[in-house]
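# What the coordinates show
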Amino acid sequence: MPDTHTEQAAGLRLDGIAISLDGRTLVEADHTIGPGEVLTVMGPSGSGKSTLLAFIGGFLDPAFAACGRVICEGVDITDAPPQERHAGLLFQDPLLFPHMSVGGNLVFAVPQTVRGRAARRAVAEAALGDVELEGFFDRDPDTLSGGQKARVALARVLVSEPRFMLLDEPFSKLDAGLRDQVRRLVFERAGVRRLPVLLVTHDEADAKAAGGALIEVEPAPGPGNGS
Ligand SMILES: Nc1ncnc2c1ncn2[C@@H]1O[C@H](COP(=O)(O)OP(=O)(O)OP(=O)(O)O)[C@@H](O)[C@H]1O
């Protein structure tokens, strides 16, 4: 018999979320992202896509008002500090620490529950293998191509053992061919780990590749938006 409780609790539930600015609702979400599924958020610049992501990640600017709950694997994390939510974040910029080697960037993100230098290094090496960057442990991040940096950023997220992933236009700086490759790798790795993914994008091709549900955010009214 299936374990109904576990089935219901699995994934990331966005329960009746509405975020507003100056009394006007910007963005709403009422979705469950199942394990390994992608929910895509699309809309024009300034419509509130990153604001929704910030609310789920726990770093919403206090200028906004929000209601609704974020439930991860059956646990309400709406009021938890960001570091206790276990979100794997990927942004447009890979944000690698330039003063550390590639391996150093990864070891830094390995949870403290993994004890000892050798064990932490082994986790980082395995993650590099997972993103097809074997042998890159001692490389300086500045010497990597854009696609390689994006893959290191993905490996760094994966070693941190996230419970879900929040992606804010992580492919938009890559050119077309590379973009397809990195996108495939990100979705594939998230799928293998059964991680729910929220993807913010402007790009129809991203939404198509994601293949899951879609939230289309309306343009924010105001000067320059024809309203
Ligand atoms: N701290 C803040 N105080 C007031 N308004 C803000 C603040 N941060 C963002 N905004 C406004 O909130 C709206 C939503 O911003 P948000 O960054 O979520 O848009 P977006 O859809 O992600 O845009 P883009 O695609 O350009 O990244 C914008 O109009 C923005 O100017």
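Residues numbered from 1 in each chain as written. Predicted model: local features only at pLDDT ≥ 70, side-chain atom pairs only at ≥ 80, totals over all residues.

## Some remarks on the overall build of the chain
Across its full length, the chain carries 7 helices and 9 strands. For 227 residues, the compact-globule estimate of 2.2 N^0.38 gives 17 Å, and the C-alpha radius of gyration of the chain, at 18 Å, lies within 12% of that figure. Taken along the three principal axes of its C-alpha coordinates, the chain extends 55 × 50 × 35 Å. Taking all 227 residues of the chain together, 36% fall into the buried category. The long-range share in the chain, meaning contacts at least 24 apart out of those at least 6 apart in sequence, stands at 70%. (Helix = DSSP H or I, 4+ residues; strand = E, 2+ residues; numbered from the N terminus. Rg over C-alpha atoms; globule rule 2.2 N^0.38 Å. Buried ≥ 20, exposed ≤ 12 C-beta atoms within 10 Å, placed from the backbone. Contact = placed C-beta atoms within 7 Å.)

## A look at the pairing of strand E4 (residues 65–72)
It is a general feature of regular strands that their side chains alternate between the two faces of the sheet. Pairing of strand E1 (residues 12–21) with E4, which is carried by 7 bridges, proceeds in the antiparallel orientation. In the sheet register, Arg-13 faces E4, and the bridge partner there is Ile-71. Summarising the sheet, E4 and strand E5 (residues 75–76) pair through 2 bridges and their orientation is antiparallel. By the bridge assignment, Cys-72 is partnered in E5 with Val-75. Taking the residues between adjacent antiparallel strands as the criterion, E4 and E5 are bridged by 2 residues, where Glu-73 takes a positive phi near 50°. (Pairing = 2+ DSSP bridges.)

## Comments concerning the site of the ligand
Ser-45, Lys-49, Ser-50, Thr-51 and Ala-63 are the nearest of the 13 residues found near the ligand. For the shell around the ligand, the element with the highest residue contribution is helix H2 (residues 49–57), accounting for 3 residues. Classifying every residue of the shell around the ligand gives 4 nonpolar, 7 polar and 2 charged. (Near = placed C-beta within 6 Å. Nonpolar A, V, L, I, M, F, W, Y, C, P; charged D, E, K, R; others polar.)

## A short note on the nonpolar core
In this structure, Leu-154, Ala-155, Met-165, Val-197 and Leu-198 are the most contacted members of the largest nonpolar core, which totals 54 residues. Of the residues forming this core, the biggest block, 8 residues, is contributed by helix H5 (residues 146–159). Two domains each provide a minimum of three residues to this core, namely domain 1 (1–86 + 162–217) and domain 2 (96–161). Beyond its immediate chain neighbours, meaning those up to four positions away, Leu-154 contacts Leu-90, Val-131, Leu-185, Val-186 and Arg-189. (Core = buried A, V, L, I, M, F, W, Y, C linked by C-beta atoms within 7 Å. Domains from an automatic or database assignment.)

## Section: unusual backbone geometry
Phi is positive for Asp-22, which is not a glycine, with a value near 50°. Mapped onto the secondary structure, Asp-22 falls in the loop between E1 and strand E2 (24–33). On the basis of neighbour count, Asp-22 is assigned to the exposed category, with 8 C-beta atoms found within 10 Å.

## Section: the pairing of strand E3 (residues 38–42)
Within E3, 4 of the 5 residues are buried, leaving the element largely enclosed by the surrounding structure. Across 3 bridges, the pairing between E3 and strand E9 (residues 214–216) is parallel. Opposite Met-42, over in E9, you have Glu-216 as the bridge partner.

## What about the environment of Val-131?
Take Val-131: it is sitting in the loop between helix H4 (117–130) and H5. Under the C-beta neighbour-count criterion, Val-131 is labelled buried, with 21 such atoms within 10 Å. For Val-131 and Leu-185, which are 54 residues apart along the polypeptide, the C-alpha to C-alpha distance reads 7.3 Å. Excluding residues within four positions of it along the chain, Val-131 makes contact with Arg-151, Leu-154, Ala-155 and Leu-185.

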